[in-house]
Structure formats: structure tokens, C-alpha cells
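In case you want the letters, here they are:
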Amino acid sequence: MNTYIYELKGATYINLTNRCTNNCDFCLRNTRDGVAGYDLKLDKEPTADDVIQELKKKENLGEVIFCGLGEPTMRLDILLEVAKYLKSRNAHVRINTNGQGSAYAKKDISKSFKGLIDTVSISLNAQNAEEYQKICHSVYGTKAYEHMLEFAKCCKDQGIKTVLSVVDILGEKKIKECREIARKTGADFRVRKYVE
């Protein structure tokens with residue numbers, strides 16, 4: 001049974017894909033099949049209708065987050081169609097992303113988010129391109145970091161709340177450097193807890 005929708009801490013999460021342009025050392029995909037008892041491994045990726053039918057069963061939609069065991073922006077058309085439905089129900093819509101969606105689509109996708117996505121949370125993960133590639137192993141090599149920061153700026157320019165985040169295991173010095181990168185980008189900054 002494929003899990004397309006799951007609940008965590010009062011929010012609804014959407015699992016669109018298990019594919020990703022990164023293969024991060026600390027990714028849950030490397031150590032488990034899901035989170036909080038939900039099996040998020042997919043043998044079939046959902047259509048927009050698959051997801052919408054599940055969402056229709058929910059009486060109230062507060063915050064809804066595109067975040068599963070893969071990179072949601074790799075399924076951009078599906079994501080946007082579902083986001084339109086979510087906005088019709090006044091949900092607050094967030095995407096958790098590696099920030100490489102525009103590189104993958106070969107165009108600036110932030111423009112298509114306007115009016116549909118309230119918050120974009122981007123995993124910064126490191127203080128420079130070399131460190132990032134060392135731990136994230138992106139298909140874009142060291143260019144991935146540049147793609148990610150450019151995407152953050154574009155989202156910010158679209159008036160979307162943009163957050164750059166790091167995992168708390170980086171250490172104080174690196175976190176401080178990452179905080180400064182976020183400040184220069186104009187994005188908010190968040191330190192998130194590492195999930196083992």
C-alpha cells in the first residue's frame with residue numbers, strides 16, 4: 001500500500017516521489033523506509049487525483065507540506081495541481097526541498113509557485129559548494145550549491161517566505177557560516193534536529 005499522505009505534529013505531509021537529485025549521507029532513505037511509523041517507499045508515484053482524493057477525506061487542512069522520501073519539485077506538474085486544490089481549501093502550503101528544482105526543470109520554477117506556495121524550506125546543509133557536494137552527492141556536482149542559492153533568491157523575489165535550513169550536527173562554526181549565507185540571500189534561517 002503506497003502512502004501518499006501522512007500526519008506529523010498536526011500537519012499533513014504529501015509524499016510525491018522517492019526520486020532525488022541528491023543522495024545525502026544523512027538522508028532517511030539510506031537508513032529506513034519512512035518516518036514516525038509511516039512506510040514512505042513508493043512502488044507507484046501518485047497522480048494529482050490520487051493525492052487530492054486522499055486530501056478530500058480530511059475535514060480541516062491547516063499546514064500541508066510537500067515532503068516525503070524524495071524531492072517533490074521533480075514532480076512539478078503534480079505538485080502545482082495539488083497546490084491549487086490546497087489553496088482552494090485555504091491551506092498553508094509549504095515545500096521542503098533541496099532547491100535544485102529549477103536546475104532539474106531547466107527553467108525558473110519559482111514563478112509557478114506564486115499564489116500557490118506560502119513557504120519554501122530549502123536544505124542548505126553546508127557552508128560552501130565543496131562541503132555540500134561531499135555530503136549531498138548531487139547529480140549537478142559542485143554546481144548544485146549555486147543552483148540552490150539562486151533558487152532561494154528567486155523564491156524570495158516572488159514574495160514567497162524562504163527558509164534555508166541546516167541539521168544541528170554541523171557544529172557551531174559551520175552553522176554560524178550558514179546563518180550568514182542565509183542572511184546574504186535574504187532568507188530566514190532554521191537549525192533543524194537530526195533524525196536518526
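Described in the following lines is the structure provided in the data block. (Residues numbered from 1 in each chain as written. Predicted model: local features only at pLDDT ≥ 70, side-chain atom pairs only at ≥ 80, totals over all residues. Heavy atoms only, no water.)

### So, helix α6 (residues 143-157)
Selection rule: The helix count covers DSSP runs of H or I at least four residues long, the strand count covers runs of E at least two residues long, and both are numbered beginning at the N terminus. Expected helix span is computed as 1.5 Å times (number of residues minus one). When accessible area is computed with a 1.4 Å probe and restricted to protein chains, residues below 20% of their type maximum are described as buried, those above 50% as exposed, and intermediate ones as partly exposed.
Between the first and last C-alpha of α6 there are 21 Å, a value that for 15 residues agrees with the 21 Å anticipated at 1.5 Å per step. Within the sequence span of α6, burial applies to Ala 144, Tyr 145, Met 148, Leu 149, Phe 151, Ala 152, Cys 154 and Cys 155. Directly beyond the C-terminal end of α6, a positive phi value near 80 degrees is found at Gly 159.

### With respect to the side chain of Asn 22
What counts, and what does not: Any pair of N or O atoms that falls within 3.5 Å is considered a polar contact. Within protein, one atom must be able to donate a hydrogen and the other to accept it, and sequence-neighbouring residues count only if both atoms are side-chain atoms. Here, two residues are considered to be in contact whenever any of their heavy atoms come within 4.5 Å of each other.
Mapped onto the elements of the fold, Asn 22 is located in the loop between β2 (11-14) and β3 (34-35). A relative accessible area of 5% places Asn 22 in the buried class. Within the structure, Asn 22 has its side chain in polar contact with the side chain of Gln 100 (distance 2.9 Å). Side chain to side chain, Asn 22 and Tyr 132 meet in a polar contact 3.0 Å long. Every residue in contact with Asn 22, bar those within four places of it in the chain, is listed here: Arg 29, Asn 98, Gln 100, Tyr 132, Cys 136, His 137 and Ser 138.

### Quick notes on the nonpolar core
This is how it is decided: Nine residue types can take part in a nonpolar core, namely buried Ala, Val, Leu, Ile, Met, Phe, Trp, Tyr and Cys, and a core is a set of them joined through side-chain atoms within 4.5 Å.
Core analysis: the largest hydrophobic core is formed by 53 residues, its most contacted members being Ile 14, Phe 66, Val 82, Leu 86, Phe 113 and Leu 124. The element best represented in this core is helix α2 (residues 76-88), accounting for eight residues. Beyond its immediate chain neighbours, meaning those up to four positions away, Ile 14 contacts Tyr 4, Ile 5, Val 51, Leu 55, Val 64, Ile 65, Phe 66, Cys 67, Gly 68, Val 82 and Leu 86. Grouped together as the second largest cluster of nonpolar side chains are eight residues, Val 35, Leu 40, Cys 67 and Leu 69 included.

### Some thoughts on the pattern of salt bridges
The following threshold applies: By definition, a salt bridge exists where a carboxyl oxygen of Asp or Glu is found within 4 Å of a side-chain nitrogen of Lys or Arg.
Under the criterion given, the structure shown has 13 salt bridges. Between Glu 45 and Arg 75 there is a salt bridge, with the nearest N and O atoms lying 3.2 Å from each other. With Glu 45 in the loop between β4 (38-39) and α1 (48-56) and Arg 75 in the loop between β5 (63-66) and α2, this residue pair connects regions lying 30 residues apart in the sequence. For Glu 45, a relative accessible area of 28% puts it in the partly exposed group. With a closest N to O distance of 3.6 Å, Glu 131 and Lys 174 form a salt bridge. Pair noted here: Glu 131 is in helix α5 (residues 129-136) and Lys 174 is in helix α7 (residues 172-185), with a separation of 43 residues, a long-range link.

### A few points about the packing of α1 against α2
To keep things clear, this is the line we draw: Orientation is described by axes fitted as lines to C-alpha atoms, over the contacting stretch for helices, and by angles from 0 to 180 degrees between their N-to-C directions. Any angle between 65 and 115 degrees counts as roughly perpendicular, while under 35 counts as roughly parallel, over 145 as roughly antiparallel, and the rest as oblique. Note on convention: the crossing is left-handed when the near helix lies turned anticlockwise from the far helix by less than a right angle, right-handed when the turn is clockwise. Classes in brief: Ala, Val, Leu, Ile, Met, Phe, Trp, Tyr, Cys and Pro nonpolar; Asp, Glu, Lys and Arg charged; the others, Gly included, polar.
Orientation of α1 relative to α2, taken along the N-to-C sense of each, is 25 degrees, at an axis distance of 9 Å. With respect to each other, α1 and α2 are oriented roughly parallel. Crossing hand, α1 versus α2: right-handed. Where α1 abuts α2, its residues Ala 48, Val 51, Ile 52, Leu 55 and Lys 56 lie against Ile 78, Glu 81, Val 82, Tyr 85 and Leu 86. For the contact of α1 with α2, a count of residues per class yields eight nonpolar, no polar and two charged.

### A look at α2
The end-to-end C-alpha distance of α2 is 18 Å, a good match for the 18 Å that 13 residues give at a rise of 1.5 Å each. Of the surrounding elements, those touching the buried residues of α2 are β2, α1, β5, β6 (92-97) and α4 (110-113). Looking one or two residues past α2, Asn 90 carries a phi angle of roughly 60 degrees, positive in sign.

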